[in-house]
Amino acid sequence: MSNTKVLPLIEAEGSEAVAPCCPPLTERPFSAEEAETAARMFKALGDPVRLRLFSAVASHESGEACVCDISDVGVSQPTVSHHLKKLREAGLLTSQRRGTWVYYRVEPSVLAAMGRLLTLPAVV
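Note that the coordinates shown come from a computational prediction; the quantities given were computed from them, not determined experimentally.

Asks: I'd like a description of the side chain of R50, backed by residues and values.
Replies: Assignment of secondary structure puts R50 in helix α2 (residues 48-58). Look past the residues within four positions of R50 in its chain and what remains in contact with it is K43, A44, H82, H83, K86 and L87.

Structure (structure tokens):
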């Protein structure tokens, strides 16, 4: 089973680089669509349990984490599943079922998009 969707990314013209859907916050005001996309991401990460789960997946040594490895965040297993679903719906995680376990991954392009969104302009 795969994720529902990820942060909208676009191919940068003339290159293989991936650019986020939204410009850095300091570049220009967001369009309504860009603001909606960024708000979904920030809303998903605004919950401490979700932020801990996202961090656990992102920092896992193999680049992906089984739900069995990250579920110790102080809430019940159904609540962990709910929070992981919200992170998937926001496009921050992808998932894959392997037998009875579900493995979660943060795609590098999602981290790159998040990093670019919060990047300060270069000082000349």
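Once you've had a look at it, read on.
Asks: An account of the sheet that holds strand β5 (residues 101-105) is requested, with residue identities and associated values reported.
Replies: Spatial ordering of the open sheet is given by β3-β5-β4, a layout of three strands whose pairing is antiparallel. Single-partner strands in this sheet number two, and they are β3 (64-66) and β4 (94-98). Going across the sheet, the axis of each strand differs from the next one's by a mean of 25°, ignoring polarity. By the bridge criterion, five bridges tie β4 to β5 in an arrangement that is antiparallel.

Asks: Lay out the nonpolar core in plain terms, naming residues and giving numbers.
Replies: Soluble globular proteins tend to bury their nonpolar side chains together. By size, the foremost hydrophobic cluster in this structure holds 25 residues, and its most contacted members are L53, F54, L84, L87, L92 and L93. Among the secondary structure elements, those contributing two or more residues to this core are α1 (32-45), α2, α3 (67-70), α4 (77-89), β5 and α5 (108-117).

Scoring rules and cut-offs
Residues numbered from 1 in each chain as written. Predicted model: local features only at pLDDT ≥ 70, side-chain atom pairs only at ≥ 80, totals over all residues. Heavy atoms only, no water. Helix = DSSP H or I, 4+ residues; strand = E, 2+ residues; numbered from the N terminus. Contact = heavy atoms within 4.5 Å. Pairing = 2+ DSSP bridges. Axes fitted to C-alpha atoms, helices over the stretch in contact; angles between N-to-C directions. Core = buried A, V, L, I, M, F, W, Y, C linked by side-chain atoms within 4.5 Å. Buried < 20%, exposed > 50% of the residue type's maximum accessible area, 1.4 Å probe, protein only.

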